[in-house]
Each structure stands twice: as structure tokens, then as C-alpha cells.
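The chain contents come next:
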Amino acid sequence: MSIQLIPATALFQRQLIVWQKNWKNFVMLRVLEPAIMLYAMGFGLGLAFDLVNGVPYLFYVVPGIMCSANMMACIFDGLYGSLTRNMYQGLWKSQLATSISLRQILLMEALWISIKGCIATILVMLVGYTFGGITNPLLGIVALPFLLIGGFTLSSLGQFIAARANTYMDIDYAWPLVITPMFMFSGIFIPLETFPHWLQNLALLSPLYYMVELVRGTMLSTLTLPTALVFSTVLLTIAFICQTLAYNIYKKRLFT
Amino acid sequence: MYTGAGTILQRQFLAWKPYIPNFIFLFVLDPFIYLYAIAFGLGAYLADNPAEYSFFAASGLVAGTLIWVVTTDATYLTLTRLNTGLWQSQLSASIKLPAILMGESLFGAIKGTLAALIVLGISLLLGALNLHIHLWLLVPILFIGALTLYTTGQFFTAHIGSEQGFDFLWPLLYNPMFLFCGVFIPIDIFPSWLQIISWILPLSHIVELTRAVCAQQLSSHLFVHIYALAGYIILFHFCSCHLYKKRILA
């Protein structure tokens, strides 16, 4: 096993080298954009809103936007990034010609994407802290494992959807079917209780919902241990299913 | 100078034809979701008047949709056409650069207007907006608005070398436009320095016009917004002509 890990770390190193070139773009897109959204939502809408479940709207929305930053970073790279690397650049085929396996590529890419997602989220959290939307920034460190698991699940979901696509245009279908509903109905900035029951039940299918609940619970110190365990398990289960499905589809496409 | 713009428009349509199913799927289902979530979900949490907010958000989102449709075309696809040498081939076919830019932006504006009208239809279905005779005015207004956004996109793309450059355009231009131009958050909630920026950005004028037409509050003051949009179109179109000419010759 230890020998098998070495090629996988090489993959990690490769991603790191690429990132050294475009981290500025990443920060612009994945940190500044949520930060602007935080300002508009937290202050703009916060003025118009009453308390949400007894919590001021700004405190409610900051953990939500943190999760949305994580989601955007992870699912985008999972979708468009893996499609680019596999279909457009042919990178995976070259990597598979070495001793790296397909499973390692999928796993390491998802892991790398989720680490990047965590970096974006923490920076967004610091912006939220300067706006006064977070009481204790150290709680962000406690929330890190949840963000990592959630990011991993979302990147795996992205990989799974991208596995069936041939061009960027094919991904258009993922927007109305997966990304927009997940963004709107996971309690990021609109409380889920606003919607009818069938929609609330549908939100249980969204991995983002579990991540938002875990992170918001941590940031507001209302999370209980059983909830944390159950929700993390659900996220890991979704991640496992997506990874397996993505692996099987890619295996068929790349090796037959 | 503009002969051949019609041919370019036709070319754009032919290139778009295979993607019509994607377009319909994306711009029927996606607005349905965000209209419902924002106009009704968010509206229910606003203290005073949910019906008033759903009108506010729906009329804003009709105009706000233009950003998504028009800008991807005006930014990423324009750069692709430039970098793959399509423009150079068109130029050698004795079509002048202004005609290419104008033909492409006219087609982009038609596409944008179509998408915004679909969103309008959905808002009427959901009951966030009311059907009335003056709604036809939205067709020219949305068209001018889409044309403004398209020429703005062309102008900024002229400065950008690779697709990575657009990563800076979203947080600095398009995202602020969507959030601070009154699409679903009222402009007057923000501090005055930000309101000045909002009124500089073209989308706020499009939103203002759309909302006035939806509410049937037509007055001669609205011409100010039309003049502003027309000014942007002329300014950005001629600047783009100049910039792309320099870039292609270099």
C-alpha cells in the first residue's frame, strides 16, 4: 500500500505546481466573489430581514456563504476541471500510462479540489469575521473536517456528472438539474422552512444541505454530536457512491 | 462599413442551431428554480409585503437573466472566435471589423432578449407579474439592454489575452452588477458611494426600465435610462472597433 501511495503523491504534486501558476485567479473567483455576495446579502438583505430562528440574518448567512464558496470551488473543478483534464487535454491517458491507477487519479483529484475549497472557505470566513458576522473565527478550524468531507463529496459528485459528458455544452444540463436547485434549496441564504414540505424532503438529497447544517451548527455552537456523526456519515456515503459510479463510467470509457 | 453584418448574424444563428435544445433546457428550467426560490422563498421572509417583493424580484430577474445569456457569449465565445482565427477569415472575405462586431452583438442581443422573455413568461405563470398591454414595450427595452451588455462584454474582452483573464471579470464586474443593480436587492439599501457605482453599471438602467414597464409606471423620465444605454452602446462599440483593430493588426 505504501508503495502504491507514491504515484498518488506525485499527482498531488502535479496539481500543486499547476496551482502555483493560477492561484491568483482562484482567489479572485472563489474568494472575492463570495465576499461580495456576503456583503450584499449580509448587509443588503440583512437590513430587510428579521431574525431567522432567533439568529440575526448576518450570523445566519455567513456560514451559508462559506459553504456556497466551498461548493462552487469544488463542484466547478470537479465538473469542468476533470472534463478539461480528461477530454480536452488527454492528461489522464498520459497519467494512466504510468503506474498510476484510475482510482488514484479520481481520489487524489477530489482530495486536492476539496483542500483548495477549504482554503477558499477559510478566506471567506475571515471576510465574514471582519464584517462582524462570526463570533469566534477559531470555530472555523473546528468546522474544517466538515468542509473537507463536504468538499470531497461535492467534487466526487462533479466527477460523476462529468464522467458522462463529452463537451462543456453537455454540462449545461447539470445546471438546472443539480447545481441551481442545490444552491437554492440547501438553506444557504433562504431558510429551508420557507418552502413546502415536499421540497424540504427533497433537500435531504442535496449533499450541500448536510454540509450547511454541519458548518452552521459549528459556527453558531448549536451542533450536537449525534447530528454531526449522522450527517458526516451521510456525506461520506454520497461521496463513496459518486466515486464508485464515476470510476465505473470512466473505466468503461477509457479502457474499452 | 457595416455591409456583411447580416451575413455574420446568419452565421451566428447557424452556429447556434445545434445548441437550441441546451438553450431551452437551461433557460426554461433554471429561471423557474431561481424565480421560485428568490421571488417566493426569500419574499416570504421579508417582513412587510411578500407579494410586493415577489413582483420586485421577478421584474429584476427578467432583466438580470440577460447577464448570464449575453456575457458568456460576449466574453468566452468572442475570445474563442478571435483566437481560432475565425475573424481573420471573415476579414479576408471583405467583411469589415465593425460589421463583424455589430453582427455578432445583434445576434447575441436577440438571443438574450429571447431568454429574458422566457423568464418573463415564467414569472407570469407563477403569478409574480401581471399580464397587461404595455408588456410588449419590454421587447425593445430588453433588446437594447442586451445589446448594451454585449458591447460592454466585447469591450472588456478586447483587453483579455486568455480565458483565465475572465476570472477577474466575474468578481469585479458581473457579480457586482447582479448584486448591486437592484435585481433582487433594492439599490437604496446600500451606502451612497455604492449607489453611485450601481448607477454607473449598465444593468441598473435595464432593471429600472423593466420594472417601470412591469408596474405600468411609464413616464418621460425613463428616457434618461434609454439615453444612458444608447450612450454605452455607441461608446463601447467604437472603442471595441479601435481596440480589436489594433490587436488584430499587431
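Rules behind the numbers
Residues numbered from 1 in each chain as written. Chains lettered and ligands numbered in written order. Predicted model: local features only at pLDDT ≥ 70, side-chain atom pairs only at ≥ 80, totals over all residues. Heavy atoms only, no water. Axes fitted to C-alpha atoms, helices over the stretch in contact; angles between N-to-C directions. Helix = DSSP H or I, 4+ residues; strand = E, 2+ residues; numbered from the N terminus. Parallel < 35°, antiparallel > 145°, perpendicular 65-115°, else oblique. Left-handed = near helix turned anticlockwise from the far one by under 90°. Contact = heavy atoms within 4.5 Å. Nonpolar A, V, L, I, M, F, W, Y, C, P; charged D, E, K, R; others polar. Patch = residues over 30% accessible without salt bridge, like charges linked within 9 Å, V, L, I, M, F, W, Y side chains within 5 Å. Areas by Shrake-Rupley, 256 points an atom, 1.4 Å probe, with all protein chains shown as cover. Salt bridge = Lys/Arg side-chain N within 4 Å of Asp/Glu carboxyl O. Buried < 20%, exposed > 50% of the residue type's maximum accessible area, 1.4 Å probe, protein only. Phe/Tyr/Trp six-rings, centres within 6.5 Å; stacked < 30°, edge-to-face > 60°. Core = buried A, V, L, I, M, F, W, Y, C linked by side-chain atoms within 4.5 Å. Buried area = accessible area lost by both parts, 1.4 Å probe. Polar contact = N/O pair within 3.5 Å; in protein donor to acceptor, adjacent residues only side chain to side chain.

Draft legend 1. Examining the packing of helix 5 (residues 97–126) of chain B against helix 6 (residues 138–157) of chain B more closely. Residues and elements named next belong to chain B. Where helix 5 contacts helix 6, the axes come no closer than 8 Å and their chain directions differ by 130°. Considered as vectors, helix 5 and helix 6 are oriented oblique to each other. Handedness of the helix 5/helix 6 crossing: right-handed. Judged by residue contacts, L101, E104, S105, L106, G108, A109, I110, T113, A116, L117 and L120 of helix 5 engage L138, V139, L142, F143, A146, L147, Y150, T151 and Q154 from helix 6. Of the residues that constitute the contact of helix 5 with helix 6, the class distribution is 14 nonpolar, five polar and one charged.

Draft legend 2. Broad picture of unusual backbone geometry. Residue and element names in this part refer to chain B. Phi is positive for S94, which is not a glycine, with a value near 60°. Mapped onto the elements, S94 comes out in the loop between helix 4 (86–92) and helix 5. Despite not being glycine, Q216 shows a phi value in the positive range, around 60°. When you line up the elements, Q216 lands in the loop between helix 9 (202–214) and helix 10 (223–249).

Draft legend 3. Local environment of a nonpolar patch on the surface. Residues and elements named next belong to chain B. Among the surface-exposed residues, M1, Y2, I234 and F238 lie close enough to one another that they form a single nonpolar patch of about 420 Å² accessible area. The topology assignment puts F238 in helix 10. Classification of F238 as partly exposed rests on a relative accessible area of 44%.

Draft legend 4. Layout of the packing of aromatic side chains. Residues and elements named next belong to chain A. Under the criterion given, the structure shown has 39 aromatic pairs over all chains. For the pair W92 and Y250, a centre-to-centre distance of 4.8 Å together with 65° between the ring planes defines the contact as edge-to-face. With W92 in helix 3 (residues 91–96) and Y250 in helix 10 (residues 225–255), this residue pair connects regions lying 158 residues apart in the sequence. A single burial state applies to W92 and to Y250, both of which are buried.

Draft legend 5. Looking closely at the environment of K252 of chain A. All names here are of chain A. Inspection of the secondary structure assignment puts K252 in helix 10. By relative accessible area, which is 62% here, K252 ends up exposed. Remark: the alpha-carbon pair of K252 and L225, spanning 27 residues in sequence, is separated by 41 Å.

Draft legend 6. How the structure looks around the nonpolar core. With 149 residues, the main nonpolar core has M184 and F189 of chain A together with L42 and F184 of chain B as its most contacted residues. Those residues in contact with M184 of chain A that sit more than four places away from it in its chain are F189, I190 and F195 of chain A together with I33, Y34, A37 and I38 of chain B. W87, A99, F155 and A158 of chain B belong to the second largest nonpolar core, which has 16 residues in total.

Draft legend 7. Structural context of the interface of chain B and chain A. Each side of the interface is counted separately: chain B has 36 residues, and chain A has 39 residues. For the pair chain B and chain A, the summed buried area comes to about 3,300 Å², and 77% of that belongs to carbon and sulfur atoms. For the pair chain B and chain A, the interface holds zero salt bridges. At the boundary of chain B and chain A, one finds seven residue pairs in polar contact (both at pLDDT 80 or more). Secondary structure elements with two or more residues in the side of chain B that touches chain A: helix 2 (20–45), helix 7 (166–180) and helix 8 (192–200) of chain B. Among the elements that take part in the side of chain B that touches chain A, helix 2 of chain B stands out by supplying 15 residues, more than any other. The residue inventory of the side of chain B that touches chain A, partitioned by class, reads 29 nonpolar, five polar and two charged.

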